[in-house]
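Spelled out, the chains give:
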Amino acid sequence: MKTISLIACVVGGLVLSSSGRSPTLRVGFGACDITPALDKKVYIAGFGKNRVAKGVHDPLMARVIVLADGQRKIALASVDLVGLFLPVVERIRQRLPGFAYVLVSSTHNHEGPDTLGLWGPNAFVSGVDPAYLKQVEDGVVKAIQQADRQLAPAAARLGRVPVPELLNDSREPYVKHDDLVALQLDDPKGKTIGLVVQWNCHPEDLGAKNTEISADYVWATVAHLHEQHACPVVYLTGTVGGLMSSLRLELKDGQGNPLKEGTFARTEAYGRLVGKAADKAIAAAKPVTLTPFAVERRDLFLPIDNQLYLLAWKLGVLDRQSYRWTGDWRRAEPLGPGDAKADLRKCIKTEIGWLRLGDLDVAAIPGEIYPELVLGKVQDPPDAGADFPKAAVEPSIYGQLTGKHRMIVGLANDEIGYIIPKRQWDEKPPYCYGRMRRQYGEENSLGPETAPLLCEAFRVLTRSDR
Ligand SMILES: [Zn+2]
């Protein structure tokens with residue numbers, strides 16, 4: 001029997017049409033420009049603080065696909081932003097009655113405005129403009145409503161292609177999630193009405209010095225696919241932890257000359273390579289059944305053990321409700337203003353999701369998960385230098401998915417930072433792999449308990465109807 005606690009919400013159930021065949025799929029696409037106006041200071045997110053935007057190179061977009069199976073509607077939205085916290089997504093959902101599930105994922109763009117708070121003028125001041133967050137909310141709602149109005153019968157094809165050469169893994173152990181997934185939606189006459197492309201890389205190719213607002217390489221990937229297929233494109237970011245990047249990949253121009261890092265020419269070249277990989281996946285795509293739908297989602301609580309995050313919370317730089325950690329990811333108590341300075345273990349509420357769209361299983365993970373955790377490749381045996389070498393290997397995300405096809409959406413409905421396998425946590429000396437210095441990652445994670453708790457919650461979620 002399924003039990004539903006007061007703070008958890010699980011919706012689900014499979015519905016087959018009376019004929020026993022899969023119900024007809026309908027899809028619609030929508031988009032909205034969410035580029036910030038530069039009539040006030042816009043702080044660019046992703047690298048150092050106080051990076052003020054001086055211009056706009058290409059527009060930031062919210063891109064949406066709405067899918068319907070005759071019983072329920074699902075919206076998948078992607079925004080060209082560094083991340084959105086769950087409360088923003090909850091506000092968007094409140095404005096969209098009639099949907100079984102609304103997923104809002106960020107591409108994790110490092111060349112757009114600060115939407116989380118960490119990249120303001122200094123450590124004490126948030127870089128978020130609340131008016132801009134409202135603009136994003138409005139834009140996503142508008143794009144979803146537009147996609148909803150376009151709903152029309154469609155057939156789906158799915159293709160995937162491994163492209164390890166398009167990823168640089170900048171943290172040991174070197175494990176890449178190098179599968180690019182493409183979904184092609186055609187109308188009954190065979191005309192392509194839209195594409196969904198999912199890839200696993202940080203949109204940060206323009207680097208830390210750029211001061212022009214851009215969607216980073218995603219801009220060029222989408223432009224390439226528009227040119228090739230003349231239809232709307234939704235680009236979704238998947239597994240980006242551990243650390244999936246295009247930085248330090250050697251890229252060359254048409255004449256074979258190396259492209260310089262931090263230039264739009266290089267970023268465009270990378271984005272077009274991702275677009276060409278998507279072309280290959282599309283060319284090899286096979287028909288796939290995406291109905292009926294089943295949706296499972298639930299809240300979970302994760303302790304905040306990162307001292308820098310706790311400080312940012314105290315200063316109001318990170319503006320988000322915190323809770324008292326009870327030792328159980330299923331429940332927690334909200335903290336009031338009087339509790340802010342209290343010496344107790346705090347936690348946040350976040351959310352995980354599991355969609356079954358016919359033969360396609362989709363994991364919705366609220367941050368930057370390490371590929372090891374998705375693919376079941378956590379280091380075993382652990383490195384002796386790790387901080388918790390005896391920690392159990394977490395149940396993998398893809399290990400829980402039973403569908404014929406699998407896909408992951410990262411930064412889904414939230415951005416909680418890195419989700420690091422506990423036995424690869426390496427903050428204290430001696431460091432793993434004989435290194436003299438620690439690797440980058442832990443400073444942007446809630447803490448070492450994040451992965452074990454989240455992976456366990458996902459395991460429970462995917463068993464909630466069995
Ligand atoms: Zn990141």
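### Structural notes on the overall build of the protein
Broken down by element type, the protein carries 7 helices and 22 strands. Over its C-alpha atoms the protein spans a radius of gyration of 21 Å, differing by no more than 12% from the 23 Å that the globule rule assigns to 466 residues. In terms of principal-axis extent, the alpha carbons of the protein reach across some 65 × 60 × 50 Å. Looking at the protein as a whole, 59% of its 466 residues qualify as buried. Restricting to contacts in the protein with at least 6 residues of sequence separation, those with at least 24 account for 79%. For the protein, the exposed area adds up to about 18600 Å²; of that, 53% sits on carbon and sulfur atoms. Taken together, the 57 basic and 55 acidic charged side chains of the protein have centroids lying 3 Å from each other.

### Looking at the nonpolar core
With 48 residues, the main nonpolar core has Ile365, Ile369, Leu373, Ile397, Ile419, Leu454 and Phe458 as its most contacted residues. Contributing elements (two or more residues each) for this core: strand S15 (293-303), helix H5 (307-315), strand S16 (323-325), strand S18 (346-357), helix H6 (371-375), strand S22 (418-419) and helix H7 (450-462). Element by element, the count of residues in this core is highest for H7, at 7 residues. Here Leu454 is in contact with Leu300, Leu302, Ile352, Ile365, Pro366, Ile416 and Ile419, once residues within four sequence places are set aside.

### Points about the layout of surface pockets
Reported here for the largest pocket is a volume of approximately 900 Å³. Considering the residues around the largest pocket, the lining is formed by 42 residues, among which Leu118, Trp119, Tyr440, Glu443 and Asn444 are closest to the centre. Among the elements that take part in the lining of the largest pocket, H5 stands out by supplying 6 residues, more than any other. Per-class residue counts for the lining of the largest pocket are 23 nonpolar, 10 polar and 9 charged.

### Looking at the pattern of salt bridges
Using the criterion set out here, one finds 29 salt bridges in the structure. A salt bridge links Arg331 to Asp328; its shortest N-O distance comes to 2.4 Å. The salt bridge partner of Glu443 is Arg438, with a shortest N-O separation of 3.4 Å. Overall, Arg438 belongs to the partly exposed group, its relative accessible area being 33%.

### Details of the side chain of Asn210
Counting through the fold element by element, Asn210 comes out in the loop between strand S10 (192-199) and strand S11 (212-213). Within polar-contact distance, the side chain of Asn210 engages the side chain of Glu111 at 3.0 Å. The residues contacting Asn210, other than those within four sequence positions of it, are Ile44, Arg51, Glu111 and Phe264.

### Overview of the confidence of the model for the protein
Per-residue confidence for the protein gives a mean pLDDT of 94, with 95% of residues at or over 70. Low confidence marks residues 1-18, where pLDDT is under 50. Its contacts with residues over four positions away, or in another chain, come to 39 contacts.

### Describing the packing of helix H1 (residues 86-94) against helix H2 (residues 130-149)
Look at H1 against H2: their axes get within 10 Å of each other, and the N-to-C directions meet at 45°. Looking at the two axes, H1 sits oblique to H2. Between H1 and H2 lies a crossing whose hand is right-handed. In this structure, H1 uses Val88, Arg91 and Ile92 to contact H2, whose residues at the interface are Leu133, Glu137, Val140 and Val141. Looking at the contact of H1 with H2 residue by residue, the class counts come to 5 nonpolar, no polar and 2 charged.

### A word on the coordination of the zinc ion
Those protein atoms acting as donors to the zinc ion are His108 (NE2), His202 (NE2) and Glu368 (OE), and they sit at 1.9 to 2.1 Å. In terms of primary sequence, the donors binding the zinc ion are separated according to H-x93-H-x165-E. Here His202 is found in the loop between S10 and S11, whereas its partner Glu368 is found in strand S20 (residues 368-369), with 166 residues between them in sequence. Judged by relative accessible area, which is 1%, His202 ranks as buried.

### Overview of unusual backbone geometry
Put simply, Glu172 and Pro173 share a cis peptide bond, and its omega is -5°. Inspection of the secondary structure assignment puts Pro173 in the loop between strand S8 (168-169) and strand S9 (179-186). The step from Thr291 to Pro292 runs through a cis peptide bond, and the omega angle for that step is -5°. Residue position: Pro292 is located in the loop between strand S14 (286-288) and S15.

The rules we used
Along each chain, residues carry numbers from 1 onward, in the same order as the chain's sequence is written. Per-residue local features of the predicted model are confined to residues with pLDDT of at least 70, and side-chain atom pairs are confined, for both listing and counting, to 80 or more; whole-chain, interface and lining totals are unaffected and use all residues. Excluding hydrogens and water, the side-chain figures rest on all heavy atoms present in the structure. Segments assigned H or I by DSSP are reported as helices when at least four residues long, segments assigned E as strands when at least two residues long, and all are numbered from the N terminus. Using C-alpha atoms as the atom set, the radius of gyration is obtained and then compared with a globule rule of 2.2 Å times the number of residues to the power 0.38. Any residue under 20% of the maximum accessible area for its type is buried, any over 50% is exposed, and the rest in between are partly exposed; the area is computed with a 1.4 Å probe on protein chains only. Any two residues having at least one pair of non-hydrogen atoms within 4.5 Å are treated as being in contact. All accessible-area figures derive from a Shrake-Rupley calculation using a 1.4 Å probe, and residue coverage is judged against the displayed protein chains alone. Only four residue types enter the charge count: Lys and Arg as positive, Asp and Glu as negative, with His and the chain ends excluded. Every charge is mapped to an atom, namely NZ of Lys, CZ of Arg, CG of Asp or CD of Glu. Nonpolar cores were defined as sets of buried Ala, Val, Leu, Ile, Met, Phe, Trp, Tyr and Cys residues, with membership established by side-chain atoms within 4.5 Å. Both site types are read off a 1 Å grid over the protein atoms alone. A 1.4 Å probe that fits but cannot get out defines a cavity, while an open set with protein on both sides within 12 Å along at least five of seven lines defines a pocket; lining residues have an atom within 4 Å of a point. Grid points are joined across faces, edges and corners, and a volume is the space filled by probe spheres set on the points. Each residue is assigned to one class: nonpolar for Ala, Val, Leu, Ile, Met, Phe, Trp, Tyr, Cys and Pro, charged for Asp, Glu, Lys and Arg, and polar for all the others, Gly among them. Put simply, a salt bridge is a Lys or Arg side-chain nitrogen that is within 4 Å of an Asp or Glu carboxyl oxygen. We define a polar contact as two N or O atoms separated by no more than 3.5 Å, with the added condition that, inside protein, one atom must be a possible hydrogen donor and the other a possible acceptor, whereas residues neighbouring each other in sequence contribute only through side-chain atom pairs. What pLDDT conveys is the predictor's confidence in a given residue, as a value from 0 to 100. Geometry is summarised by axes, namely lines fitted to C-alpha atoms with helices restricted to the contacting stretch, and by angles between N-to-C directions that run from 0 to 180 degrees. Reported orientations rely on four angle classes, namely roughly parallel under 35 degrees, roughly antiparallel over 145, roughly perpendicular from 65 to 115, and oblique for the rest. Left-handed describes a crossing in which the near helix is turned anticlockwise from the far one by less than a right angle; the clockwise case is right-handed. Keep in mind that water is not among the atoms, so a site may look incomplete; donors are the N, O and S atoms within 2.8 Å of the metal, or 3.2 Å for Na, K and Ca.

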